[in-house]
Amino acid sequence: MLPGLEAAVDRLVKRGYRDAMWSAAQADPTKPRFARVPAGKEPCQFCLMLASRGFVYTSASAAGDHNQYHSHCACVPVASWESSPLLEGYDPDALYRQYELRSTVPPLLLGGAADWPQWLQPVSLERWRHIVDDHGPDSTTPGKSKFTPDMNIGQAIFDTIVDGDPGGQGMSRWRPDDVASRTRQLPIDGKVVTVKLAYNRDSKDWFVTTAFPDDSR
Ligand SMILES: [Zn+2]
Ligand SMILES: [Zn+2]
């Protein structure tokens, strides 16, 4: 969620525009168009898909009014009578890119490549989404470093796992009754990519917990 968009939607909701807009929309003969605008953290794939279409819905209910498609869903149908509506911070193209990015784990991270460490689990879809929701180029999570749009994130993570050096926190940080973690770091395209790994004591294997670039440009 972009701070600008959050603020914009917050203003709409707080000022009662939301309801005012809808009643006006129902009465208005010029037929507004509605968009489903994500107003909460981490919209699900379905919300992203609806939201990425822009101002295309002919009614608030078509835009999913009152339908919460996931827990904590805070998407809001927003009406517009403009021919080219703009809402600060609402970028349907960015939402579509995010939708596409989080739809599948890059094949390189599924553990089939010869170089993939035998001891490391494939990256799960849930974990992949966690990474790109926070660190994807169109991520709206504040305070997180972002991969650049021209970076192949799957390749960068793979290369860092295979060729990276143990990171600043030490290669292995064992704690008696807890998990161990490992860090790999590799400079790619002028950034240092970090991949964090952790050990699951129950399943006795390592998995990728997160991956991100540093903030340097
Ligand atoms: Zn949703
Ligand atoms: Zn939603």
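Preceding block: the structure.
What you are looking at is a predicted structure, and each value in this text was computed from that prediction instead of being measured.

About the cut-offs
Residues numbered from 1 in each chain as written. Chains lettered and ligands numbered in written order. Predicted model: local features only at pLDDT ≥ 70, side-chain atom pairs only at ≥ 80, totals over all residues. Helix = DSSP H or I, 4+ residues; strand = E, 2+ residues; numbered from the N terminus. Buried ≥ 20, exposed ≤ 12 C-beta atoms within 10 Å, placed from the backbone. Contact = placed C-beta atoms within 7 Å. Pairing = 2+ DSSP bridges. Axes fitted to C-alpha atoms, helices over the stretch in contact; angles between N-to-C directions. Arc of directions from axis to C-beta.

Novice: Help me understand the overall build of the protein chain in this model?
Specialist: When its secondary structure is counted, the protein chain shows 6 helices and 6 strands. Its helices and strands in sequence order give the protein chain the pattern α-α-β-α-β-α-α-α-β-β-β-β, from N to C terminus. By residue count, 29% of the 217 residues in the protein chain fall in the buried class. By sequence separation, contacts in the protein chain at least 24 residues apart represent 57% of the contacts at least 6 residues apart.

Novice: What am I meant to see in the environment of asparagine 152 here?
Specialist: Among the secondary structure elements, asparagine 152 is positioned in the loop between helix H5 (125-135) and helix H6 (153-163). Along the primary structure asparagine 152 and proline 106 are separated by 46 residues, whereas in three dimensions their C-alpha atoms are 9.6 Å apart.

Novice: What should I look at first to understand the sheet that holds strand S5 (residues 191-200) in this one?
Specialist: Strands pair in a sheet through their backbones, by hydrogen bonds, and they do so in one of two ways: parallel or antiparallel. Reading across from one edge, S3-S4-S5-S6 is the order of the 4 strands in this open sheet, with antiparallel pairing throughout. The open sheet is flanked by strand S3 (165-166) and strand S6 (205-213), the only strands paired with a single partner. The sheet contact formed by S5 and S6 spans 8 bridges and is antiparallel. By the bridge assignment, valine 195 is partnered in S6 with alanine 211. With respect to the sheet, H6 is in contact with strand S4 (181-188), S5 and S6, its orientation differing from that of S4 by roughly 115°.

Novice: Hey, could you run me through H5 in this one?
Specialist: Think of an α-helix as turning once every 3.6 residues; residues three or four places apart then point the same way. All of the buried residues along H5 are Trp128, Ile131 and Val132. On an axial view of H5, the arc spanned by its buried residues comes to 85°, and they lie on one face. Along its buried surface, H5 packs onto helix H4 (92-101), H6 and S6.

Novice: In this structure, what is going on with the environment of serine 181? I would like to understand it.
Specialist: Checked against the element boundaries, serine 181 lands in strand S4. On the basis of neighbour count, serine 181 is assigned to the partly exposed category, with 19 C-beta atoms found within 10 Å. Linking serine 181 and lysine 196, residues 15 residues apart in sequence, is a C-alpha distance of 7.1 Å.

Novice: I would appreciate a short explanation of the pairing of S5 in the present structure.
Specialist: Taken residue by residue, a regular strand's side chains alternate between the two faces of the sheet. The pairing of S4 with S5 spans 8 bridges and is antiparallel. Bridged to arginine 182 within S5 is leucine 197. The hairpin formed by S4 and S5 contains 2 residues between the paired strands, and aspartate 189 there has a positive phi angle of roughly 50°. Between S5 and S6, which pair antiparallel one after the other, the connecting turn spans 4 residues, and lysine 204 there sits at a positive phi close to 55°.

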